[in-house]
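Fold and contact review
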Amino acid sequence: MTTLTGSGLWRFLILQLFLVHLLALLSGATAKQQPHIVFILADDYGWNDVGFHGSQIKTPNLNKLAFEGVRLENYYVQPICTPSRSQLMTGRYQIHTGLQHQIIWPCQPHCVPLDEKLLPELLKEAGYATHMVGKWHLGMYKKECLPTRRGFDTYFGYLLGSEDYFSHERCIFIAPLNKTACALDLRNGEEAAADFKDIYSAHVFTAKSIDLIASHDPGKPLFLYLAFQSVHAPLQVPDKYMEPYSFIQDEKRRHFAGMVSVMDEAVGNVTEALKKHGLWDNTVLIFSTDNGGQTLEGGNNWPLRGRKVTLWEGGVRGVGFVTSPLLKNKQVINRELIHISDWLPTLVNIAGGSTNGTKPLDGFDVWKTISEGEPSPRKELLHNIDAIYDDPSPCPGTSNKRLPSEATVNSWSSIFNTSIHAGIRYKNWKLLTGYPGCGHWFPQPNSTDAEEYWSPDSPKKQIWLFDIESDPTEREDLSSKHPTVVEHLLQRLAYYQNTSVPIFYPDDDPHCDPSATGVWGPWA
């Protein structure tokens, strides 16, 4: 046995210290290569429902996080729930997954196609712990469709599109059975979670998220997807959250404001938990809405045109921001074109993962655009093409769809059927065709002379062109002044239509009836 003495001992100790330091550096480098990712998705949260857009609703936590990070002011989502969530999870336009029309309803035998590889699966392959809390709404008719079968290690939440905030039950009319069925829709993993009655959903989901953060090993990368029920209808909230809004006379808007305050508080509590448990310094936090606000249920998108379910800016321009100590540029406003489908390639990239195994992506990696202010690689954005579109919340006194007999044959029809509900963006230009949905401008409740904000368009009109950079409120149709631009964008719509798969929108299956179990869930 050799005994180290003198200079040999010192060399040995110095070597040991060097190795310890090197291991620490390598460990730190690995952590930086794989940041924790927290994605918070709000439901039906409108442009004028957040403080940093001048809303009357108080959102101190969202304001603080947005101002500390990067506010995304040219950020787009889809006009309704399932399509936005599917594009977040797949990185692919809804025309490529058969989800062009409406949402997945509770009794439809349907889910995001099982041959699509989802974001949590890709992050799991990259070594992440993957957890989901909240609203799924991507189909659940068979077990293979559930979050725990699509890449999430754990899941706590509800599978359908909406429910009671306190009882966590949903009532559905099942047409083939001519009956209404009410049942619980809350699960822990794949099992019913019946012990949370009378606890407000935002409080339940926040507590579950904090538990996951508290028990997580900071040395392992975390992906937490927190999809709030807030602020989707029904308009329910504990009374104390409405007290600061007694000045709002409109009852729906007052309830809605209280619901926003609960969500804002929840985001603050989740952020504090990340800091308390040592994860924050290596976390990228994204906040996004899933679509524009529903003005019929207290939401507001003023001064943007339209609302949820429409292709007007009020339906598709999203509230969003990214905040993180890892951002190179902070406290900035980003006006580059970004879409919800961009999150999959972006997050997989910063996670050090690979998109191998996915179908061709429509999303772009926009991390350098967000973090460093580089130009967005995205120059074009397809809003949607839906040949059977109908608006469940049409303008007062109007039809919910454009009938073929109402369409006007025009010189563009040989390029693309302009009676079809469709929308596309190219750089500053936005083209809409068919019936985009209710085109009113909806002022904040309690405003006077609301009539002056009604759409001036003829029911037979079917082409609009806007310069969104100079006219974000879509007041001036430029289609007659820029026919070359119209022609180009119609050609692009025709291209996308040729790449699309057929709409899949099956009839209700009577076997969905939850009466035997008392819980909504897989039946096939």
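Quick summary incoming for the structure in this document. On a predicted model such as this, the values are computed, not experimentally measured, just so you know.

What counts and what doesn't
- Residues numbered from 1 in each chain as written.
- Predicted model: local features only at pLDDT ≥ 70, side-chain atom pairs only at ≥ 80, totals over all residues.
- Heavy atoms only, no water.
- Phe/Tyr/Trp six-rings, centres within 6.5 Å; stacked < 30°, edge-to-face > 60°.
- Helix = DSSP H or I, 4+ residues; strand = E, 2+ residues; numbered from the N terminus.
- Buried < 20%, exposed > 50% of the residue type's maximum accessible area, 1.4 Å probe, protein only.
- Lys NZ or Arg CZ within 6 Å of the ring centre and 35° of its normal.
- Pairing = 2+ DSSP bridges.
- Axes fitted to C-alpha atoms, helices over the stretch in contact; angles between N-to-C directions.
- Contact = heavy atoms within 4.5 Å.
- Disulfide = S-S within 2.5 Å.
- Polar contact = N/O pair within 3.5 Å; in protein donor to acceptor, adjacent residues only side chain to side chain.
- Expected span 1.5 Å × (residues − 1).
- Salt bridge = Lys/Arg side-chain N within 4 Å of Asp/Glu carboxyl O.
- Core = buried A, V, L, I, M, F, W, Y, C linked by side-chain atoms within 4.5 Å.

This next bit is on the packing of aromatic side chains. Any pair of aromatic rings gets described here by the distance separating the centres and the angle formed by the planes. Counted by the stated rule, this structure contains 22 aromatic pairs. Ring centres 5.8 Å apart and planes at 80° place the aromatic pair Phe39 and Trp343 in the edge-to-face group. Of this pair, Phe39 sits in strand E1 (residues 36–42) while Trp343 sits in helix H8 (residues 343–350), and the two are 304 residues apart along the sequence. An identical accessibility class is assigned to Phe39 and Trp343; each is buried. For the ring pair Phe156 and Phe196, a centre distance of 5.2 Å and an interplane angle of 75° mean the geometry is edge-to-face. Of the two residues, Phe156 is situated in strand E5 (residues 154–158) and Phe196 in the loop between strand E9 (191–192) and helix H5 (201–215); the sequence distance between them amounts to 40 residues. Looking at Phe156, the relative accessible area reads 3%, which means it is buried. Note that Arg305 overlies the ring of Trp312, its terminal NZ or CZ placed 3.8 Å from the centroid. Here Arg475 stacks its cationic end above the ring of Trp441, 4.1 Å away from the centre of that ring.

Now for the sheet that holds strand E15 (residues 380–386). As summarised here, the arrangement of the four strands in space is E15-E16-E17-E18, forming an open sheet in which the pairing is antiparallel. On the outer flanks of this sheet lie E15 and strand E18 (463–467), each paired with one strand and no other. Recorded for the sheet is a direction-independent mean angle of 10° between the axes of neighbouring strands. Here strand E17 (residues 429–433) pairs with E18 via five bridges, running antiparallel. From the neighbouring strand, Leu432 faces E18, where its bridge partner is Trp464.

Okay, the environment of Pro113 next. Structurally, Pro113 is set in the loop between helix H3 (81–90) and helix H4 (119–125). When the C-alpha positions of Pro113 and Leu99 are compared, they lie 9.5 Å apart, and in sequence the two are 14 residues distant. Among all residues touching Pro113, those that are not within four sequence positions of it are Thr97 and Arg150.

In this section: the state of the cysteines. In this structure the tally under the stated criterion is four disulfides. The disulfide bridge from Cys111 ends at Cys145, spanning 2.3 Å between sulfur atoms. Of note, the bridge from Cys111 to Cys145 carries an S-S torsion of about -60° and is left-handed in sense. Of this pair, Cys111 sits in the loop between H3 and H4 while Cys145 sits in the loop between strand E4 (129–135) and E5, and the two are 34 residues apart along the sequence. Each disulfide pairs two cysteine sulfurs, and for Cys395 the partner residue is Cys438, the sulfurs being separated by 1.9 Å. Because the torsion about its S-S bond is 105°, the bridge between Cys395 and Cys438 counts as right-handed. Taken together, the positions of Cys395 in the loop between E15 and strand E16 (421–426) and Cys438 in the loop between E17 and E18 put the pair 43 residues apart, joining distant regions of the chain. The exposure class of Cys395 is buried, given its relative accessible area of 7%. The exposure class assigned to Cys438 is buried, which follows from its relative accessible area of 0%. The connectivity of the disulfide-linked cysteines in the protein chain, indexed sequentially, is 1-8, 2-3, 4-5, 6-7.

Relative to the helices and strands, Arg92 resides in the loop between H3 and H4. The exposure class of Arg92 is buried, given its relative accessible area of 7%. A polar contact of 2.9 Å, which involves the side chain of Arg92, links it to the backbone oxygen of His96. Within polar-contact distance, the side chain of Arg92 engages the backbone oxygen of Pro360 at 2.8 Å.

Once that is clear, we can look at helix H10 (residues 483–499). With 17 residues, H10 should reach 24 Å at 1.5 Å per residue; the first-to-last C-alpha distance of 25 Å fits that figure. For H10, the complete set of buried residues consists of Val485, Val486, Leu489, Leu490, Leu493, Ala494 and Tyr496. In this fold, the buried residues of H10 make contact with E15, E16, E17 and E18.

A few words now on the pattern of salt bridges. Side chains that carry opposite charge are capable of pairing whenever their charged atoms lie near each other. Here the structure, examined in full by the defined rule, presents 23 salt bridges. When the shortest N-O distance is used, the salt bridge between Glu73 and Arg71 registers 3.7 Å. Across the pair, exposure class does not vary: Glu73 and Arg71 are buried alike. The partner of Glu372 in a salt bridge is Lys328, with the nearest N and O atoms 3.5 Å apart. Taken together, the residues span a long stretch of sequence, with Glu372 in helix H9 (residues 367–372) and Lys328 in the loop between strand E12 (320–323) and strand E13 (332–334) at a distance of 44 residues. Owing to a relative accessible area of 61%, Lys328 belongs among the exposed residues under this scheme.

On the basis of which strands lie adjacent, the open sheet formed by ten strands has the order E9-E8-E5-E4-E10-E1-E11-E12-E2-E13 and mixed pairing. Where the open sheet ends on each side, the last strands, each with one partner, are E9 and E13. Direction of pairing for strand E8 (residues 187–188) relative to E9: antiparallel, over a ladder of two bridges. Paired with Arg187 across the bridge in E9 is Ala192.

The subject of this paragraph is the pairing of E4. Side chains on a regular strand alternate between the two faces of the sheet. Of all the seven residues making up E4, seven are buried; the element is thus mostly covered by neighbouring parts of the structure. As defined by bridge partners, E4 adjoins strand E10 (residues 222–227) across six bridges and the pair is classed as parallel. Note that in E10 the partner of Val133 across the bridge is Leu226. Pairing analysis gives five bridges linking E4 to E5, with the strands arranged parallel. Each residue of the ladder has a partner; that of Val133, found in E5, is Phe156.

Formed by 56 residues in total, the largest nonpolar core has its most connected members in Tyr225 and Trp343. Top contributing element to this core by residue count: H8, with five residues. When neighbours within four sequence positions are excluded, Trp343 is seen to be in contact with Phe39, Leu72, Tyr75, Leu88, Ile286, Val322, Val348 and Ile370. Core analysis: the second largest hydrophobic core is formed by 53 residues, Leu65, Val267, Leu274 and Phe287 among them.

This part covers helix H6 (residues 251–276). Given a rise of 1.5 Å per residue, 26 residues ought to cover 38 Å, and the 38 Å separating the end C-alpha atoms of H6 matches this to within 8%. By the N-cap criterion, in which a side-chain oxygen at the helix start approaches the backbone nitrogen of a residue two or three places on, H6 is capped by Asp250, the distance to Lys252 being 3.2 Å. Gly278, located one to two residues past H6, shows a positive phi value of around 75°.

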